[in-house]
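Chains, contacts and geometry: an overview
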Amino acid sequence: MKTYALSLLVVLATMALLLAVTAVFAQEGEQTFLPIVITESTAAASVQADEDQLVSAADVPSPDCENGICYVDDTAVGDNNCRSWADACTDLQVALDVVKYGEQIWVAEGIYYPDYSTPPDRDASFVLKQGVGIYGGFDGSETQLEQRDWVTNITTLNGNGNYHVLYGGADTDETTTVDGFVVTRGSALGSLSASFGGGMLIEDGSPSVKHVIFEDNLARSGGGVYVEYGSPTLF
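Since the structure is predicted, the reported quantities are computational estimates derived from the model, not experimental observations.

It is worth spelling out the pattern of salt bridges at this point. Overall, the coordinates contain 4 salt bridges when judged by the stated rule. Linked by salt bridges that have partners in common, Asp-64, Lys-100 and Glu-103 make up one network.

Here it is in structure tokens:
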């Protein structure tokens with residue numbers, strides 16, 4: 001114990017002193033020795049900076065919908081928490097993860113992929129949820145749903161070769177809406193269910209699909225949309 005206490009005192013005393021560290025720099029073919037001085041106040045400032053960063057990170061709200069709306073914009077540079085256009089999530093999947101029954105997702109013009117991993121997960125798709133409306137066609141300034149323009153503000157869901165861009169399961173019904181998108185590059189050329197519905201596969205579901213353009217999707221059956229035991233409403 002005495003040895004440990006003595007060692008601790010030595011360490012503390014050393015921290016209180018100026019510590020000169022010699023750094024070697026090459027200058028015109030010669031070695032120049034410059035002292036780098038680390039003081040106790042420098043170390044304290046570094047610790048304080050780390051603490052400030054931790055506090056700042058803790059102050060950023062986690063992704064969630066604000067007043068029933070989750071905002072998505074692939075060009076947003078804010079806090080990426082889906083709570084406003086300024087702090088919109090850049091990944092639609094994040095909004096789909098946190099949105100709840102009765103809420104909406106507003107998606108600004110841009111291109112959105114179901115998966116950004118390398119190598120890509122071909123099974124990934126945008127999975128619709130009961131009681132949730134997903135709306136495209138925004139420019140990122142709207143405060144009312146009626147203000148969007150899906151013709152001008154093209155909002156693309158790009159499957160990037162995944163089996164299905166959109167998927168609606170048995171829990172989707174008339175309360176589930178996807179509205180105002182271009183759906184493209186689904187490639188259901190696999191086997192079993194991975195061979196149906198490159199753009200959208202609906203299995204035992206009945207979502208409402210409005211103002212959606214399906215283009216350049218592939219499948220062994222139902223390149224744009226394939227419905228199995230469902231009753232979707234298509235506009």
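We are not done yet, so read on.
Where two cysteines share a covalent bond between their sulfur atoms, that bond is called a disulfide. Applying the stated criterion across every chain, the model contains 2 disulfides. The disulfide partner of Cys-65 is Cys-70, and the S-S distance across this bridge is 2.0 Å. Linking Cys-65 and Cys-70, the disulfide has an S-S dihedral of approximately -100° and is accordingly described as left-handed. Judged by relative accessible area, Cys-70 falls into the buried class, the value being 0%. The residue that forms a disulfide with Cys-82 is Cys-89, at a sulfur-sulfur distance of 1.7 Å. Across the S-S bond linking Cys-82 and Cys-89, the dihedral sits near -105°, which makes this disulfide left-handed. Since its relative accessible area comes to 0%, Cys-82 is described here as buried. A residue is classified by how much of its surface remains accessible, and Cys-89, at 0% relative accessible area, is buried. Cysteines bonded in the chain are numbered consecutively along the chain; their disulfide partners then correspond to 1-2, 3-4.

Our next topic: a negative patch on the surface. Together, Asp-74, Glu-109, Asp-139 and Asp-149 line one region of the surface with negative charge. In this fold, Asp-139 is placed in the loop between strand 7 (133–138) and strand 8 (155–158).

Let's shift gears to the side chain of Asp-115. Here Asp-115 is to be found in the loop between strand 5 (110–112) and strand 6 (126–127). The side chain of Asp-115 sits in the buried core without any salt bridge; Arg-122 is the nearest counter-charge, 9.4 Å away. Polar side-chain contacts of Asp-115 include one of 2.7 Å to the backbone nitrogen of Asp-121. With residues near it in sequence (within four places) discarded, Asp-115 still touches Pro-120, Asp-121, Ala-124 and Asn-162.

Next up on the list: the sheet that holds strand 9 (residues 166–168). Read from one edge to the other, the open sheet built from 4 strands follows the order 6-9-12-15, with strand pairing classed as parallel. Because the sheet does not close on itself, it has two edges, and the strands there are strand 6 and strand 15 (225–228). Bridge count for strand 6 against strand 9 is 2 bridges, and the pairing is parallel. Each bridged residue has a counterpart across the sheet, and for Val-127 the counterpart in strand 9 is Tyr-167.

We now examine the side chain of Asp-179. Counting through the fold element by element, Asp-179 comes out in strand 10 (residues 177–184). With near-sequence residues (within four places) excluded, Asp-179 lies in contact with Ile-134, Tyr-135, Gly-136, Arg-148, Lys-210, His-211 and Val-212.

Of note, Ala-88 is situated in the loop between strand 3 (69–72) and helix 3 (92–98). Note on Ala-88: relative accessible area 1%, which makes it buried. Counting along the chain gives 23 residues from Ala-88 to Cys-65, while the straight-line C-alpha distance between them is 10.0 Å. Among all residues touching Ala-88, those that are not within four sequence positions of it are Tyr-71, Val-72, Asp-73, Ala-76, Asn-80, Asn-81 and Cys-82.

Right, let's talk about the pairing of strand 4 (residues 104–108) for a bit. Across the 5 residues of strand 4, 4 count as buried, placing the element largely inside the fold. Sheet analysis places strand 3 next to strand 4, joined by 4 bridges and oriented parallel. Opposite Val-72, over in strand 4, you have Val-107 as the bridge partner. One ladder, built from 4 bridges, connects strand 4 with strand 7; its direction is parallel. The partner of Gln-104 across the bridge, within strand 7, is Gly-133.

Moving on to the environment of Pro-114. Mapped onto the elements of the fold, Pro-114 is located in the loop between strand 5 and strand 6. It is 6.7 Å that separates the C-alpha atoms of Pro-114 and Gln-93, two residues lying 21 residues apart in sequence. Among residues more than four places away in sequence, those in contact with Pro-114 are Gln-93, Ala-124, Ser-125, Phe-126, Asn-158, Gly-159 and Asn-162.

Calculation rules
- Residues numbered from 1 in each chain as written.
- Predicted model: local features only at pLDDT ≥ 70, side-chain atom pairs only at ≥ 80, totals over all residues.
- Heavy atoms only, no water.
- Salt bridge = Lys/Arg side-chain N within 4 Å of Asp/Glu carboxyl O.
- Disulfide = S-S within 2.5 Å.
- Buried < 20%, exposed > 50% of the residue type's maximum accessible area, 1.4 Å probe, protein only.
- Patch = residues over 30% accessible without salt bridge, like charges linked within 9 Å, V, L, I, M, F, W, Y side chains within 5 Å.
- Areas by Shrake-Rupley, 256 points an atom, 1.4 Å probe, with all protein chains shown as cover.
- Lys, Arg positive; Asp, Glu negative; His and termini not counted.
- Charge placed at Lys NZ, Arg CZ, Asp CG, Glu CD.
- Helix = DSSP H or I, 4+ residues; strand = E, 2+ residues; numbered from the N terminus.
- Polar contact = N/O pair within 3.5 Å; in protein donor to acceptor, adjacent residues only side chain to side chain.
- Contact = heavy atoms within 4.5 Å.
- Pairing = 2+ DSSP bridges.

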